[in-house]
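# Understanding the architecture of this molecule
If you want the building blocks of each chain, they are given just below.
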Amino acid sequence: MAPKSKKAPSKKKMTKAERLRLMQEEEERRLKEEEEARLKFEKEEQERLEIQRIEREKWSQLEKKDLERRSQELEELALLEGCFPEAEKQKREIRALAQLIEKVKLILLETPTYELDHRTVLQHQGSILRLQELLSLKINVATELLLRQASNLADLDTGNMEKIIRDENVTLYVWANLKKNPRHRSVRFSETQIGFEIPRILATSNVALRLLHTRYDHITPLFPIAVTEQKQNTEGAEQVNGKESIEKAMTEEKLFTEEKVTNEDEQPKAEQERELNLVQEENKYEAIENTVLQRTSDSEGEDSQTTQLELEMKLLSEAVLAAQLRLVENIVELPEASESYKVDLCHFSPLGGVYHLDVLELPPQCKPVKGWVLVEILQEGLQKFIYPPETTEEPDPDVTFPPIEVTLEIHKSVVFFERPRVIRWDNEGKLWRSDGISSVYYNREERLLTFSMDTLGPVTLIQDAHVNMPYQSWEMSPCGTNKVLLIVKTVFMELQIYIKENLCMLTSVKLRGKGREFHLKGKWMAPIPFILALKEAGLNIFPAVYSHFYVVINNKVPQVELKAYRQMALLSSAFSFGWSKWNMVCNSTRVVIRVREQLSEETEHHTWSLLMFSGDRAQMLKMQEENDKFSEALREGTEFHSTLYHMMKDFASPVAMERVRHSNCQFIDSVCYMLLSIRVLSYS
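All residue numbers refer to position in the chain's written sequence, counted from 1. Local features in a predicted model are, by the rule used here, given only for residues with pLDDT of at least 70; side-chain atom pairs are given and counted only at 80 or more, and totals for whole chains, interfaces and linings are based on all residues. Computation of side-chain values covers all heavy atoms of the structure but excludes hydrogens and water.

### Things to note about the nonpolar core
- L506, L539 and F575 are the most contacted members of the largest nonpolar core, which has 79 residues in total.
- Put simply, DSSP marks the helices as runs of H or I at least four residues long and the strands as runs of E at least two long, and each gets a number from the N terminus on. No other element matches helix 14 (residues 665–678), which puts ten residues into this core.
- For this core, the domains that each give at least three residues are domain 1 (44–148) and domain 3 (473–678).
- The criterion used for residue contact is that any of the two residues' heavy atoms lie within 4.5 Å. Excluding residues within four positions of it along the chain, L506 makes contact with L495, Q496, I497, F518, L520, K521, G522, K523, F530, L534 and L539.
- By size, the runner-up hydrophobic cluster in this structure holds 32 residues, among which are W175, V414, F416 and M453. Buried Ala, Val, Leu, Ile, Met, Phe, Trp, Tyr and Cys residues that are joined via side-chain atoms within 4.5 Å together make up what is termed a nonpolar core. The buried label goes to any residue with under 20% of its type's maximum accessible area, the exposed label to any with over 50%, and the partly exposed label to all in between, with areas taken from a 1.4 Å probe on protein chains only. Domain extents, as shown, originate in an automatic or database domain assignment.

Structure, rendered in structure tokens:
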């Protein structure tokens, strides 16, 4: 048998005294740890309070120092900002000559009316309407002369006549139905996809089809006006069209120029296209300036020319500042459309010009007789063929008038980022309508648009004017003396714009990451024509005063935004500025941007710094763009300043500041105007 295993020794039982002793030791250790933690917390709290006290004292000292030198810095900034009225004065001299040229262009019908400034349009609206009527008359006469010879110009294969006449701004397509073949219902102009699908009744009628494509838009109202509902109601009883609209516009302009400065904010005004606001304010303050100068001359005839010049520059400076401020202001209320079919021109913008579609009665044909050419000339001239007919007789159930199918080819100079919408012009109501058009199909690859209309008339294509807003990012970098490159990235595209002196140029367009050749690329233009050209091409990155109703924006206080743009423009010759994600985090009274000195390509890779500006205080932030949490902590070794110029002056090189002080006034003004027009701080 196996030996029995020994019993394990029993565990010694802890006595009550030992258990009390262990509990006492545990309690003493706990109390000691709590005391040490309390002392540590009190020490840390004292250190934290001391750090806060030091920071408050430091902050207070910096604020006191900033206030002490604020007047000096603002005076120096005012001297630098003297470039804006100086640039405006130079532009006035140039504009005086340009207006004469524009009048000549109008007479020759070489310039679309949308290229005119506000003052010229108001002064010459009657002439413009007469010239539009003259243009229509000329087109009708040319079409009639062409259709009289349709039998001589007939195609050998089809027996019908078709003709295409192209110009720089106008293309005319004409088709004459000579054979009246009911099976020939598809009309396609040679070497194009443009054409019609006509009903049987038109295929057997003595008619002609005309498509006149004007690449400019002379139908849409020149100034899409957004007014408050109260203003709309007070003016609702006024029936203004034709000559009445001209008289009303001239009256408003007269009252506008005679208005006093003190009543500027009290008088309700219609908000107009933002690119023309600068000219509006200029007109207003020009009249005020002339009045004040005249009174000064009468009362103080012995005043020196220097005093008058100083007064003129002061008034001009106030006018420029007020005009620039209007570019970043938003209207408070947008009126609702009275009819559901009325197109909201504040939301959508017409692109690609106007397509005038007409069914015409074929005039009598020329007949050669014994060496002579006989032609019957109708006294009423070229007449439109009414389709469908306006009849009061009992309708015949066997006769139907189906819609006419139209196929248009979108010009390559226009970009649509989404499927274009087709709208038609209501000549009676003088507005664009979205009804009466059906079966719309868009072929993106071939840029063909097919739709059906009950009755033909002027049509145009529209796109959301804010499809590229808000922007994803932006950056502005100097490229030498008086030259910068402004890059704006949106969901669909990336635009690169050069600004040099008083000119702008589109240098690159990338659509969905791919480069594209564009007709505007490489063309230098003044800022306002440049903005209009980009908008006409569908490359709209220019918000209007009503755009905040259609886009979710990072709205900033207008005064803060204006001061930021003006001072960024002053520094643009030597410093790069860029988008920061933290601009969305701070409130509407402050802006945050990235900044770095850049004098050459070698400095392009320098580290970005974050700059916060509230309109009257600029400070460098300690945090970086890559941080996870926003902090207003001041960067070590920096101070508060009242202007961006003096903030950058603290750490910039002497070469950079010298370049800033010697920047061209027109260049600074152009950069500022582009920033005010794009509004990168609110729409990014």
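### Brief notes about the pattern of salt bridges
- By definition here, a salt bridge exists when the distance from a side-chain nitrogen of Lys or Arg to a carboxyl oxygen of Asp or Glu is within 4 Å. Within this structure, the stated rule accounts for 21 salt bridges.
- A salt bridge links E35 to R38, with the shortest nitrogen-to-oxygen separation between them at 2.4 Å. Placement of the pair is E35 and R38 together in helix 1 (residues 16–80), with a separation of three residues, close to one helical turn.

### As for the sheet that holds strand 10 (residues 421–426)
- One requirement defines pairing of two strands: DSSP has to find at least two bridges between them. Strand order across the open sheet formed by seven strands is 1-2-5-6-14-10-11, with antiparallel pairing between neighbours. Single-partner strands in this sheet number two, and they are strand 1 (161–166) and strand 11 (431–433). Adjacent strand axes in the sheet meet at a mean angle of 25 degrees when their direction is disregarded.
- Pairing of strand 10 with strand 14 (residues 458–464), which is carried by four bridges, proceeds in the antiparallel orientation. Counterpart to R421 in the pairing with strand 14 is I462. All axes are obtained by fitting lines to C-alpha atoms, using only the stretch in contact for helices, and the reported angles, taken between N-to-C directions, cover 0 to 180 degrees.

### Quick look at helix 10 (residues 527–536)
- Most of helix 10 sits out of view: seven of its ten residues are buried.
- On its buried face, helix 10 sits against strand 6 (348–361), strand 17 (493–500), strand 18 (503–511), strand 20 (524–525) and helix 14.

### Points about the packing of helix 9 (residues 305–327) against helix 11 (residues 558–571)
- Close contact between helix 9 and helix 11 brings their axes to 9 Å; oriented N to C, the two are set at 115 degrees. One way to sum up the angle between helix 9 and helix 11 is to call them roughly perpendicular. For the element pair helix 9 and helix 11, the recorded crossing hand is right-handed. Two secondary-structure elements touch here, helix 9 through L321, Q324 and L325 and helix 11 through P558, Q559, L562 and R566.
- Here the contact of helix 9 with helix 11 is composed, by residue class, of four nonpolar, two polar and one charged. An angle counts as roughly parallel when it lies under 35 degrees, as roughly antiparallel when it exceeds 145, as roughly perpendicular when it falls between 65 and 115, and as oblique in every other case. Handedness of a crossing is defined here by the sense of rotation of the near helix relative to the far one, left-handed for an anticlockwise turn of less than a right angle and right-handed for a clockwise turn. Each residue gets one of three labels, nonpolar for Ala, Val, Leu, Ile, Met, Phe, Trp, Tyr, Cys and Pro, charged for Asp, Glu, Lys and Arg, and polar for the others, Gly among them.

### Focus: helix 13 (residues 654–661)
- Taken as a whole, helix 13 has its buried residues at A656, M657, R659 and V660. Taken down its axis, helix 13 places every buried residue within 155 degrees of arc, on the same side. In helix 13, the exposed positions angled more than 90 degrees off the buried face are occupied by P654 and V655. Along the arc lie the directions from the helix axis toward the C-beta atoms.

### Topic: the pairing of strand 12 (residues 437–443)
- For strand 12 and strand 13 (residues 448–453), the ladder comprises five bridges, and the chain directions are antiparallel. Bridged to S438 within strand 13 is S452.
- Between strand 12 and strand 13, which pair antiparallel one after the other, the connecting turn spans four residues, and R447 there sits at a positive phi close to 55 degrees.

### Concerning the packing of aromatic side chains
- Pairing of aromatic rings covers Phe, Tyr and Trp, the last through its six-membered ring, and needs centres within 6.5 Å; plane angles under 30 degrees mean stacked, over 60 mean edge-to-face, and all others mean tilted. Within this structure, the stated rule accounts for five aromatic pairs.
- Measuring from centroid to centroid gives 5.9 Å for Y387 and F401, while their planes differ by 70 degrees, and the two rings are edge-to-face. One end of the pair, Y387, is in the loop between strand 8 (372–374) and strand 9 (404–409); the other, F401, is in the loop between strand 8 and strand 9, with 14 residues separating them in the sequence.
- Taken together, a centroid distance of 5.5 Å and an interplanar angle of 35 degrees make the contact between F417 and F492 tilted. Pair noted here: F417 is in the loop between strand 9 and strand 10 and F492 is in the loop between strand 16 (483–489) and strand 17, with a separation of 75 residues, a long-range link.
- Residue F417 is classed as buried on the basis of its relative accessible area, which comes to 4%.

From the geometry alone we can't say anything about function, so treat these as descriptive.
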